[in-house]
Amino acid sequence: MAKADIEDEHRDVGSDTITEPVSISLIAGRYLLFDINVVTYLRRTHNICGVLIGGIPQIPQQNVFLGLPLELLPEEARLLVEKRVAYIVDDTAWHKPKFSTLSGEERRRYLDSLREAGLKSKRAADEGAKKRQAHGLAKEAATRRAKGALKPDSDEKDIPDSAKEVSDSLFGDERPQSPTPSTISVSNKPHAITPTTTYPPLSLPDIPTEEAKPPVPSSYPLFTHLHSRGYFTTPGLRFGCDYTAYPGDPLRFHSHFLATGYGWEEEIPMLDIVGGGRLGTGVKKGFLIGGAESESSTEGDNVRTFCIEWGGM
Amino acid sequence: MAPSVDLAMLAAPPLPEAFHPPHASAHPLHLQQLASTILHNLQHQHDWTLLSIHTHSESTGQLLPRPVISGLPPRRAYIHPDEQVATLKLEHDTGTPVKQLPEGEWVLPTHLGEKWSLKQFAAIFDALDTIPPNDEIAHEEEGSVGRQWQGNNRQKRLLLATLHDDSTIVYYIMHDGIVKPRQN
């Protein structure tokens, strides 16, 4: 696919402009994002991948491809909060008082926004149906024409039939013939939609200036160190480490490192270094250990890192 | 592992000239013994040359945290992936193979039973120069391919030698900082 195509698609998905800071929902101890535009924005602009954890309604019996919501690691949430790109909203605490007292203008606005979203979804569905119909008709006409080339005399009388029959659907032939093929767009009733957030997006809490930052594991300095160098990170469970580090978007690159964070004076058994180095080399990656220097007075994040690869002898 | 280990040699390992006698350094005896075991393995199993054991830092003159070995492997112990790409490209363009001369390496002797920390590794790297001293094979071919990944241009690295009680020794390349992995 041409690069321009991909970029066009990107622009489509992320067409709604995102204003920082974005809100991260804190639900049952998880940091979640429900807006696809925010998800793509954070990935594009801030190298934050997160993990999709939601089932896909159309294909619920698999867990290879997952959808919204996106769960952020505590490290990712903390980093976004520290860079003032995002802030944390405790969903339960916010929802309970807010939703029960929703009234007047605010309530009307909320209902309007639901209706608007429903109409949007309906328009999209209608558009899809129209496209499918046009496609079906074109295909039908092409078949007729091919037949017509063999039997030119039967061409004329076949056309009215084909206009009525939209046979692209699986059960198209058993459907009662409708007088007009465009019954689908007759009603203007908006679709019923289930909003992914329980509060109106417009009435989020004021951004707290000094808020509690998400608690993070001790490997956080290594995480920020890698992130500041442009690395993308994903959870490292698959390789028995803290993070897998990618030199670019994980969709385009293989990862370079299995990264594990340690305290500056934390004891590291030699077997862990040998094991990590061996595993890393086996999967064409380097084993990276690192942590923040505690007594350093230098500028910057003063994180020291070491890469280990098999020596080949 | 080491099929050629000879009991007579173990009893009295032939020490190279540069090997410091035990009383000359203030390191505990077990660390000196560890270093000489690794050196022995490098010399006789891996055919390294120009081996020597360093007890003091070249730059500061201070006692190293433990004795560190330097030596010359029979062939290059490490080739940076970018250098490999550049070499392959050159070989493809010119049609003649590029000669890979070996480089001097640091070797850090460790035992499997030990526990290290980032602080200790940092102390070792800080005390060592990028390349071992008296690296007589410092081949100064100006403008040759791979110069930017060799000699003083290379990122600090050492060979982490880990000894097990059954005399198995494994060698791992350790870089100071982030160095992208080789595509073995």
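The shown structure was predicted, so the numbers you read here are calculated from the model rather than taken from an experiment.

(A) Representation of helix 2 (residues 36-46) of chain A. Residues and elements named next belong to chain A. Asn37, Val38, Val39, Tyr41, Leu42 and His46 are the residues of helix 2 that are buried. Put simply, aspartate 35 is the residue that caps the front of helix 2, since its side-chain oxygen is 2.8 Å from the backbone nitrogen of asparagine 37. The first or second residue beyond helix 2 is asparagine 47, which carries a positive phi of 55 degrees.

(B) Expanded view of the packing of aromatic side chains. By the definition in use, this model includes six aromatic pairs over all chains. Between the aromatic rings of Phe306(A) and Phe121(B), the centroid separation amounts to 6.0 Å while the plane-to-plane angle is 55 degrees, which identifies the pairing as tilted. Pair noted here: Phe306(A) is in strand 11 (residues 303-310) and Phe121(B) is in helix 4 (residues 118-127), and the two residues belong to different chains. In this pair, the class of Phe306(A) matches that of Phe121(B), namely buried. Relative to Phe121(B), the ring of Trp116(B) lies with its centre 4.8 Å away and its plane at 20 degrees, an arrangement referred to as stacked. In this structure Trp116(B) comes out as buried when scored by relative accessible area, which is 3%. Judged by its relative accessible area of 1%, Phe121(B) is buried. Ring pairing ties together the aromatic residues Phe306(A), Trp116(B), Phe121(B) and Phe125(B), which thus form one cluster.

(C) Examining the interface of chain A and chain B more closely. The interface of chain A with chain B comprises 39 residues on the first partner and 36 residues on the second. Both sides of the chain A and chain B interface together cover about 3100 Å² of buried area, and 65% of this is carbon and sulfur. Considering only the side of chain A, the residues that lose the most area to chain B are Met270(A), Glu309(A) and Met313(A), jointly responsible for 26% of the buried surface there. For the pair chain A and chain B, the number of links is four salt bridges. Residue Lys119(B) pairs with Glu265(A) through a salt bridge whose shortest N-O separation is 3.6 Å. Scanning the region where chain A abuts chain B turns up twelve residue pairs in polar contact (both at pLDDT 80 or more). Secondary structure elements with two or more residues in the side of chain A that touches chain B: helix 7 (220-228), strand 9 (268-269), helix 8 (270-282), strand 10 (286-292) and strand 11 of chain A. In this structure, strand 9 of chain A lies alongside strand 4 (residues 115-116) of chain B, joined through two bridges in antiparallel fashion. Residue pairing across strands places Ile268(A) opposite Trp116(B), the latter belonging to strand 4 of chain B.

(D) Geometry of the sheet that holds strand 3 (residues 105-111) of chain B. Taking strand neighbours across the sheet as the criterion, the ten strands line up as 6(A)-7(A)-8(A)-10(A)-11(A)-6(B)-5(B)-3(B)-2(B)-1(B) in an open arrangement whose pairing is mixed. Every other strand in the sheet has two partners, leaving strand 6 (232-235) of chain A together with strand 1 (49-56) of chain B as the edge strands with one partner each. With direction set aside, neighbouring strand axes in the sheet form an average angle of 30 degrees. Pairing of strand 3 of chain B with strand 5 (residues 157-163) of chain B, which is carried by five bridges, proceeds in the parallel orientation. Looking at the pairing, Thr110(B) lines up with Thr162(B) of strand 5 of chain B. In the packing of helix 2 (residues 29-44) of chain B onto the sheet, contacts are made with strand 1, strand 2 (63-72), strand 3, strand 5 and strand 6 (169-176) of chain B, and the angle to strand 2 of chain B comes to roughly 10 degrees.

(E) Examining the nonpolar core more closely. By size, the foremost hydrophobic cluster in this structure holds 30 residues, and its most contacted members are Ile24(A), Leu33(A), Leu42(A), Leu72(A), Leu80(A), Leu226(A) and Leu288(A). When we break this core down by domain, the ones giving at least three residues each are domain 1 (1-102 + 205-214) and domain 3 (217-313) of chain A. If near-sequence neighbours (up to four positions away) are discounted, Ile24(A) is found in contact with Tyr31(A), Leu32(A), Leu33(A), Leu72(A), Ala77(A), Leu80(A), Ala86(A), Tyr87(A), Ile88(A) and Val89(A). The next biggest cluster of nonpolar side chains, apart from the first, holds 28 residues, and it includes Leu258(A), Phe306(A), Val68(B) and Phe125(B).

(F) Quick peek at unusual backbone geometry. With omega at 0 degrees, the peptide bond leading from Leu68(A) into Pro69(A) counts as cis. Within the secondary structure, Pro69(A) sits in strand 4 (residues 67-72). One non-glycine residue with positive phi stands out, namely Asn47(A), at about 55 degrees. Tracing the sequence through the fold places Asn47(A) in the loop between helix 2 and strand 3 (51-54). Residue Asn47(A) is classed as buried on the basis of its relative accessible area of 19%. Phi at Asp47(B) is positive, roughly 60 degrees, even though this residue is not glycine. Structurally, the position occupied by Asp47(B) is in the loop between helix 2 and strand 1.

(G) How the structure looks around the pairing of strand 10 of chain A. Residue and element names in this part refer to chain A. Among the seven residues that make up strand 10, six are buried, leaving the element largely enclosed by the rest of the structure. Pairing of strand 8 (residues 257-261) with strand 10 involves five bridges; the strand directions are parallel. Looking across to strand 10, one finds that alanine 259 is bridged to leucine 288. Relative to strand 11, strand 10 runs antiparallel, the two being bridged by six bridges. Counted as the bridge partner of alanine 292 is valine 303 from strand 11.

(H) Representation of the side chain of His80(B). All names here are of chain B. Following the sequence through the fold, histidine 80 ends up in the loop between strand 2 and helix 3 (81-94). Overall, the relative accessible area of 14% leaves histidine 80 in the buried class. Within the structure, the side chain of histidine 80 is placed 3.0 Å from the backbone nitrogen of aspartate 82, a separation counted as a polar contact. For histidine 80, the residues in contact, after removing those within four places along its chain, are Trp149, Val179 and Lys180.

(I) Structural detail: the pattern of salt bridges. With the rule as written, the count across this model stands at 20 salt bridges over all chains. Between Arg123(A) and Glu116(A) there is a salt bridge; the shortest N-O distance is 3.7 Å. On the basis of relative accessible area, Arg123(A) is assigned to the partly exposed category, the value being 48%. Its relative accessible area of 43% is what places Glu116(A) among the partly exposed residues. Each of the salt bridges in this network shares a partner with another, and the network as a whole consists of Arg76(B), Glu83(B), Glu103(B), Glu105(B), Arg154(B) and Arg157(B).

(J) Layout of the confidence of the model for chain A. All names here are of chain A. Taken as a whole, chain A shows an average pLDDT of 80; of its residues, 76% reach a score of 70 or greater. Across chain A, the secondary-structure element scoring lowest on mean pLDDT is helix 1 (residues 3-13), at 42, and the one scoring highest is strand 9, at 96. Across residues 1-15, where pLDDT falls below 50, the model places ten contacts with residues more than four positions away in sequence or in other chains. Of the regions scoring below 50 in pLDDT, residues 162-167 engages in 15 contacts with residues more than four places distant in sequence or in other chains.

So, how was this worked out
Residues numbered from 1 in each chain as written. Chains lettered and ligands numbered in written order. Predicted model: local features only at pLDDT ≥ 70, side-chain atom pairs only at ≥ 80, totals over all residues. Heavy atoms only, no water. Buried < 20%, exposed > 50% of the residue type's maximum accessible area, 1.4 Å probe, protein only. Helix = DSSP H or I, 4+ residues; strand = E, 2+ residues; numbered from the N terminus. Polar contact = N/O pair within 3.5 Å; in protein donor to acceptor, adjacent residues only side chain to side chain. Phe/Tyr/Trp six-rings, centres within 6.5 Å; stacked < 30°, edge-to-face > 60°. Contact = heavy atoms within 4.5 Å. Buried area = accessible area lost by both parts, 1.4 Å probe. Salt bridge = Lys/Arg side-chain N within 4 Å of Asp/Glu carboxyl O. Pairing = 2+ DSSP bridges. Axes fitted to C-alpha atoms, helices over the stretch in contact; angles between N-to-C directions. Core = buried A, V, L, I, M, F, W, Y, C linked by side-chain atoms within 4.5 Å. Domains from an automatic or database assignment. pLDDT = per-residue confidence, 0-100.

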